[in-house]
Amino acid sequence: MEPLPRSNVVRCGRRELDGFDMPEDRDNTNTAPRDDTADAPDRGYRGPAAELSRSALPTLATILATGAILYFGQQVLLPLAVALLLTFALAPLVSFLKRRSVPRLAAVLLAVGSTFLAMALFSTIIDTQVNTLAPNIPAYQANILEKVRALKHLGASGGVIDRLSGAVERVGAELERNTAQPDETAQKRDPIPVEIISRDNPIEALYSVIGPLIAPFATTGLIIVVVIFMLLEREDLRDRFIRLVGYSDLHRTTQALEDAARRVGQYLLMQLVVNTTYAVPIAVGLWWLGIPNALLWGLLALVLRFIPYIGAAIGMLLPIFLAIAVDPGWSLVAWTVALFLTMELISNNILEPWLYGSRTGLSPLAVVVSAIFWAWLWGPLGLLLSTPLTVCLVVLGRHVPHFAFLDVLLGNEPVLEPHTRVYQRLLAGDPDEATAHAEVFLEKDYLIDFYDQVAIPALQLAEQDRLRGVLSDHERRRLSTSAMTLVGNLRAIATEEAEDDEAGFAETTNGQVHSEDAEDLPDGTGH
């Protein structure tokens, strides 16, 4: 029996549309609205008021209460969050050392000690580089003035350039006047002997020096201790969490824990690898170009790229401004910009998709919104922690039904089924977007599969809504017109598939004919 050609799929689609009643095509005397639960038992429809009262209000109360706890408990929760994320990051290293027969305590101390030692070395290098750069900044004033004047001579007079030039000249004049004024006053006035009597307690003087350092060192020590105990008691903490939260559903709780640990750990590790492969060429390139303190800018680029989107821009602007101040011309600025743009293209288009791609499970908009939220809530440190913390929230929403809205709002997975999306666009009178969804589907499947799996179920949803009496006459006309437009847009694809089928069928038929003729030909032996 010959299979049905795919070109008939257009006619099948039209028959389905013909079966969708228009207001003037059918008598509506026997189509009174039916009960919701009778017509759509599988959809679970209970009305918007019931859904709002049962889910939206508890969810809103939960969000407000959680936000208040995070804001007012910042002093306690922020170190715990940092310790938790460091535990996720160091757990694979501890497991690796244990598999190499290293005792548990030694593995934990080695992992934590090496990590915080690297952080301390990193901070020391940055501090040294900043102290080296600071005394040289006033020497770059002449080059900045020269560039501003060059812009004025090029015809960019008036407006911002004039104000910028005037501001720089006024600042320079003020600095010169302040440095010259002590010399003039020293010639006019005789020195007055002054006797300084200190009435401060030596303990108070010592506290004034050490006091500002107590808080950061205490917080760092607290984080180190919490990380060590979390790594030592990791299995016990996991069992207690399961007993407290998900003892009745071990399968779901285990999936949530594994998913959170895998996503956060892989993100932190891969982001560190990507940032390192980005920062090392930047530092070497800036050193080769002659930018002062190239090591400082490379280290800052490594850290700032942990901040989504804006971190890379901040790390790029500082060396560019320094290149403007150092070089009297513009060639160094151009080479610096080219270096950063080249590394951004390589990192964004090659390294990041290759190493971790979309393993975080966050949409791009969710990354930006989460960065704004955590920066407002916990400041700069919250901005650094925004992505891994949001990953934990998405995992929570993916595996805990009560927090499913977090996965819907922040996740990168489609939240509507294909036939639901197509029906929604047809109902809105947008056949072009429905055609775009169809073309995405057709990249992997045939047109007949699209009609069977997407288009016809979409029309079934339309029929259910019509039987419930929620579609007006205008909406039904618009839906029918949009569906016919969608079928027309896909006609070219149907024709192309039909031609391919006919060509394939012809090749198969010709091959069979040639094989039969070959059997009848003489074989050269006289038979």
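Please read these numbers as outputs of a predicted model, since none were measured by experiment.

Cut-offs applied
- Residues numbered from 1 in each chain as written.
- Predicted model: local features only at pLDDT ≥ 70, side-chain atom pairs only at ≥ 80, totals over all residues.
- Heavy atoms only, no water.
- Helix = DSSP H or I, 4+ residues; strand = E, 2+ residues; numbered from the N terminus.
- Buried < 20%, exposed > 50% of the residue type's maximum accessible area, 1.4 Å probe, protein only.
- Contact = heavy atoms within 4.5 Å.
- Areas by Shrake-Rupley, 256 points an atom, 1.4 Å probe, with all protein chains shown as cover.
- 1 Å grid on protein atoms, 1.4 Å probe; cavity = no way out; pocket = protein on both sides within 12 Å on 5 of 7 lines; lining within 4 Å.
- Points joined across faces, edges and corners; volume = space filled by probe spheres on them.
- Nonpolar A, V, L, I, M, F, W, Y, C, P; charged D, E, K, R; others polar.
- pLDDT = per-residue confidence, 0-100.
- Salt bridge = Lys/Arg side-chain N within 4 Å of Asp/Glu carboxyl O.
- Patch = residues over 30% accessible without salt bridge, like charges linked within 9 Å, V, L, I, M, F, W, Y side chains within 5 Å.

Engineer: Could you give an account of the overall build of the protein chain, with specific residues and numbers?
Structural biologist: A count of helices and strands for the protein chain gives 21 helices and zero strands. Scored against the burial criterion, the 527 residues of the protein chain give a buried share of 34%. Counting only contacts in the protein chain whose residues sit at least 6 apart along the sequence, the fraction spanning at least 24 positions is 74%. When the accessible surface of the protein chain is split by element, carbon and sulfur atoms take 63% of a total near 33,200 Å².

Engineer: Hey, could you go over the layout of surface pockets for me, with residue numbers and the actual values?
Structural biologist: A probe as big as a water molecule, rolled over the atoms, marks out the empty space that is left. Approximately 1,600 Å³ is the volume attributed to the second largest pocket. As for the second largest pocket, its lining consists of 37 residues, and the residues nearest its centre are Val82, Leu86, Thr115, Met119 and Phe306. With 11 residues, the single largest contributor to the lining of the second largest pocket is helix H4 (residues 74-99). Considered class by class, the residues forming the lining of the second largest pocket number 28 nonpolar, nine polar and no charged.

Engineer: How would you explain the environment of leucine 396 if you had to name every residue and give the values?
Structural biologist: By secondary structure assignment, the location of leucine 396 is in helix H15 (residues 386-399). Along the primary structure leucine 396 and aspartate 407 are separated by 11 residues, whereas in three dimensions their C-alpha atoms are 7.9 Å apart. Aside from chain neighbours lying at most four places away, what touches leucine 396 is Phe403 and Leu406.

Engineer: Lay out the confidence of the model for the protein chain in plain terms, naming residues and giving numbers.
Structural biologist: Mean pLDDT for the protein chain: 74, with 67% of residues reaching 70 or above. A low-confidence stretch, residues 1-19 stays under pLDDT 50, and its non-local contacts, those more than four residues away or across chains, total 23 contacts. Taken together, the stretch residues 21-57 has pLDDT below 50 and engages in 34 contacts with residues farther than four places along the chain or on a different chain.

Engineer: Break down the pattern of salt bridges for me, with residues and values.
Structural biologist: According to the stated counting rule, one finds 11 salt bridges in the structure shown. Note that arginine 398 is salt-bridged to aspartate 407, the shortest N-O span being 3.2 Å. Arginine 398 sits in the partly exposed class, given a relative accessible area of 26%. Close ionic contact of arginine 466 with glutamate 463 constitutes a salt bridge, the shortest N to O distance being 2.6 Å. Pair noted here: arginine 466 and glutamate 463 are both in helix H19 (residues 447-467), with a separation of three residues, about one helical turn. Overall, the relative accessible area of 23% leaves glutamate 463 in the partly exposed class. Salt bridges sharing common partners tie together Arg104, Arg234 and Glu235.

Engineer: Residue-level account of a nonpolar patch on the surface, with values.
Structural biologist: A cluster of nonpolar side chains, contributed by Tyr309, Ile310, Ile314, Leu318, Val368 and Ile372, occupies part of the molecular surface with about 550 Å² of accessible area. Mapped onto the nonpolar patch, the elements with two or more residues apiece are helix H12 (310-326) and helix H14 (364-384). Residue placement: tyrosine 309 occurs in the loop between helix H11 (294-304) and H12.

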